[in-house]
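Here are the chains, one letter per residue:
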Amino acid sequence: ATAQIGVTGLAVMGRNLARNLARNGFTVALHNRSPERTRSLVAEHGDEGTFVPSESMADFVASLERPRAVIVMVKAGAPTDAVIDELVPLLEEGDIVVDCGNAHFADTRRREEALRGHGLHFVGTGVSGGEEGALRGPSIMPGGSAESYRKLGPIFEKIAAQVDGVPCCRHIGPDGAGHFVKMVHNGIEYADMQLIAEAYDLLRAGLSASPAEIAEIFREWNGGELESFLIEITADVLGHSDPATARPFVDVVLDQAEQKGTGRWTVQSALDLGIPITGIAEATFARSLSGHADQRAAARRAFPDAGEKWQVDDRDTFVEDVRRALLSSKIVAYAQGFDHIRAGSQEYDWDIDLGGMATIWRGGCIIRARFLDRIREAYDTERDLPTLLVAPWFADRVGAGVPAWRRVVADAARAGVPTPAFSSSLAYFDALRAERLPAALIQGLRDNFGAHTYHRVDREGTFHTLWAGDRSEVEA
Ligand code: 6PG
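Every chain begins its residue count from 1, and numbering advances along the sequence as written. Local features are withheld for residues below a pLDDT of 70 in this predicted model, meaning they are given only at 70 or higher, and side-chain atom pairs are given and counted only at 80 or more; totals for whole chains, interfaces and linings count all residues. Heavy atoms from the whole structure form the basis of all side-chain values; hydrogens and water molecules are not counted.

*Asks:* Would you mind showing me how to read the pattern of salt bridges here?
*Replies:* A side chain with one charge can pair with a side chain of the opposite charge if their charged atoms come near. When a carboxyl oxygen of Asp or Glu is within 4 Å of a side-chain nitrogen of Lys or Arg, the pair counts as a salt bridge. The tally for this structure, following the rule as stated, stands at 41 salt bridges. Between Asp95 and Arg68 there is a salt bridge; the shortest N-O distance is 2.6 Å. Of this pair, Asp95 sits in the loop between α4 (78-87) and β5 (96-99) while Arg68 sits in the loop between α3 (57-62) and β4 (69-72), and the two are 27 residues apart along the sequence. Residue Asp95 shares its accessibility class with Arg68, and that shared class is buried. Secondary structure follows DSSP: runs of H or I at least 4 residues long count as helices, runs of E at least 2 residues long count as strands, and numbering of each begins at the N terminus. For every residue, the accessible area obtained with a 1.4 Å probe (protein chains only) is divided by the maximum for its type, and the residue is called buried under 20%, exposed over 50%, and partly exposed between those limits.

So this is what it looks like as structure tokens:
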């Protein structure tokens with residue numbers, strides 16, 4: 001047995017992760033259900049490092065040094081369970097199974113518990129960065145036991161992206177913590193992308209600009225506070241022309257956004273935990289809405305001219321307004337995502353370090369962005385920050401951007417351009433900072449129709465008004 005780590009499941013993510021490990025000097029055991037993939041990996045990239053290919057799972061396991069570390073990189077759900085079931089009888093106490101797929105954290109918690117019963121470590125690990133990241137340095141979010149991290153840490157920290165000499169990998173917390181934060185990462189990714197898409201749509205409607213012109217605006221934005229991978233590739237995608245028709249690429253792509261489910265899971269989990277991640281939820285629903293082609297066609301027929309003609313007075317002011325609205329809404333999305341992680345960490349006893357999370361998302365992952373450094377600073381300075389919105393750097397940006405944010409949302413509403421994420425982020429901001437919320441009326445209504453009781457602003461206790469009687473108040 002010579003291999004330091006193994007990878008089973010050699011589709012593109014597994015293959016690139018295996019190559020990354022080999023390029024960094026680790027001896028990598030390889031296995032795939034159909035051996036052709038294993039053979040082609042060795043044939044095409046065998047010179048990148050030391051691979052130990054096996055055609056059977058038993059040989060694969062036997063080729064690993066103890067304690068064995070096996071990365072499973074197959075589809076989430078039943079395929080992952082099938083591979084685990086095949087692996088477990090071949091492993092010995094202390095061995096480590098690492099699931100690097102996008103698993104649901106509840107599945108990870110279940111699997112971790114089951115494998116712990118066999119004396120094995122199960123490490124649900126979030127890996128972000130797409131195919132390129134897997135090969136050149138992803139952001140890695142391992143959960144599982146601290147003991148498993150003693151073996152995995154040095155390996156993962158070496159193959160991860162590095163920012164200012166700091167690896168984009170750290171032990172997140174026990175059992176499902178790694179997959180939980182990867183899930184929220186993807187939720188933030190959904191929000192980020194929806195906000196970018198709305199900004200593009202606004203620029204297009206307000207300026208009657210071409211995608212190529214808007215690409216330029218994004219390129220410029222990428223030189224400032226908004227600098228991020230997603231803004232960078234937005235410029236790339238908007239600047240691209242379809243080779244077949246020479247039309248802008250975005251004009252030939254069907255406008256129905258798909259999803260594999262991590263955004264939906266994020267929203268479901270936030271509902272369970274009672275955390276208002278409204279930006280992520282709107283982004284997820286916006287994808288669903290885009291897919292309802294029949295409803296959209298019917299509504300389009302019924303209301304062909306519901307918006308007003310949009311006349312932007314000053315181009316530069318408008319572009320700057322949209323930039324500010326985008327930055328503020330993006331700050332809301334991250335604030336909500338970090339709230340969600342904090343709530344998950346409390347609920348499941350994970351003790352997740354929020355500053356640490358921001359640190360390992362600075363590079364490698366899809367949501368990597370310049371301002372993650374600021375998020376790191378914010379949580380490092382004040383561990384119990386009530387919301388990212390009030391940390392000085394963010395409060396300055398959001399505060400200064402409020403008039404622009406309102407202008408953009410109001411203009412969009414008048415013109416009939418849908419901005420679900422921009423508008424809901426602004427509503428979230430206004431709700432958070434409101435002196436009084438109409439929630440008091442909700443409480444009154446609940447008490448009126450269902451005797452659900454309420455609390456008072458001026459006295460301790462739980463009260464009910466005898467609505468059907470003499471309307472006196474009783475202590476419940
Ligand atoms: C990443 C990505 C990756 C994948 C998304 C796509 O961090 O590398 O998030 O995990 O691209 O899961 O998700 P949807 O298909 O749901 O958009």
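*Asks:* Would you mind going over the UniProt feature "domain: 6-phosphogluconate dehydrogenase C-terminal" (unreviewed entry) in the protein with me for this structure?
*Replies:* UniProt positions are given in the numbering used here, feature names are shortened, and annotations may be inferred rather than shown by experiment. UniProt marks residues 178-468 with the feature "domain: 6-phosphogluconate dehydrogenase C-terminal" (unreviewed entry), using the numbering shown here. The span residues 178-468 shows a helical share of 66% and a strand share of 1%, and its end C-alpha atoms are spaced 53 Å apart.

*Asks:* Quick question: what am I supposed to make of the packing of aromatic side chains here?
*Replies:* How two aromatic rings sit relative to each other is given by the distance of their centres and the angle of their planes. We call Phe, Tyr and Trp rings a pair once their centres come within 6.5 Å, taking the six-membered ring for Trp, and we label the pair stacked below 30 degrees between planes, edge-to-face above 60, and tilted otherwise. Within the structure shown, the criterion is met by 16 aromatic pairs. Relative to Tyr379, the ring of Phe338 lies with its centre 5.5 Å away and its plane at 15°, an arrangement referred to as stacked. Of this pair, Phe338 sits in helix α15 (residues 315-348) while Tyr379 sits in helix α17 (residues 372-381); the two residues are 41 residues apart in sequence, bridging distant segments of the chain. For the pair shown, Phe338 and Tyr379 are each scored as buried. Ring-pair connections join several aromatic residues into one group, and the members of that group are Phe105, Phe180, Tyr348 and Trp350. Above the face of the Tyr190 ring, Arg287 is positioned so that its terminal group lies 3.5 Å from the ring centre. Here the basic side chain of Arg368 rests over the ring of Phe229, its NZ or CZ set 4.1 Å away from the ring centre. Charges are assigned to positions over rings by a cutoff of 6 Å between ring centre and Lys NZ or Arg CZ, combined with an angular limit of 35 degrees from the ring normal.

*Asks:* Help me understand the site of the ligand, please; the structure alone is not making it clear to me.
*Replies:* Taken together, 14 residues lie around the ligand, and Ser128, Glu189, Tyr190, Lys260 and Arg287 are the ones closest in. Any pair of N or O atoms that falls within 3.5 Å is considered a polar contact. Within protein, one atom must be able to donate a hydrogen and the other to accept it, and sequence-neighbouring residues count only if both atoms are side-chain atoms. Between an oxygen atom of the ligand and a main-chain N or O atom of Gly129, the distance comes to 2.9 Å. One of the backbone N or O atoms of Lys260 is found 2.7 Å from an oxygen atom in the ligand. Per-residue and other accessible areas follow the Shrake-Rupley method at a 1.4 Å probe size, with only the shown protein chains counted as cover for residues. Notes on the ligand: free accessible area 410 Å², of which the protein chains cover 80%. The near set for a molecule or strand comprises every residue that places at least one heavy atom within 4 Å of it.

*Asks:* Where do I start with unusual backbone geometry in this structure?
*Replies:* Only a minority of non-glycine residues have a phi that is not negative, and only a minority of peptide bonds are not trans. Cis geometry is adopted by the peptide bond preceding Pro67, which originates at Arg66 and carries an omega value of -5°. If you check the backbone angles, Asp175 has positive phi at about 30° while not being a glycine. Within the secondary structure, Asp175 is located in the loop between β9 (166-167) and α8 (177-207). The residue Ala246 is not glycine, and still its phi comes out positive at about 65°. Along the chain, the position of Ala246 falls in the loop between α10 (229-238) and α11 (249-252).

*Asks:* Could you clarify how one ought to interpret the sheet that holds strand β6 (residues 121-128) in this entry?
*Replies:* Either a parallel or an antiparallel arrangement is found when strands of a sheet pair, and the pairing is made through backbone hydrogen bonds. Each pair of strands is called paired provided DSSP finds at least two bridges between the two strands. Strand order in the open sheet made by the 7 strands is β3-β2-β1-β4-β5-β6-β7, with mixed pairing throughout. The open sheet is flanked by β3 (51-53) and β7 (139-142), the only strands paired with a single partner. Going from strand to strand, the sheet's axes swing by 25° on average, the running direction of each strand aside. Where strand β1 (residues 5-8) meets β4, 3 bridges bridge the pair, whose relative direction is parallel. Bridge pairing in β4 places Val7 opposite Ile71. Contacts were defined at the residue level, with two residues in contact if any of their heavy atoms lie within 4.5 Å. Axes here refer to lines fitted to C-alpha atoms; in helices the fit is confined to the stretch in contact. Angles between the N-to-C directions go from 0 to 180 degrees. Set on the sheet, α8 makes contact with β5, β6 and β7; between it and β6 the angle comes to about 20°.

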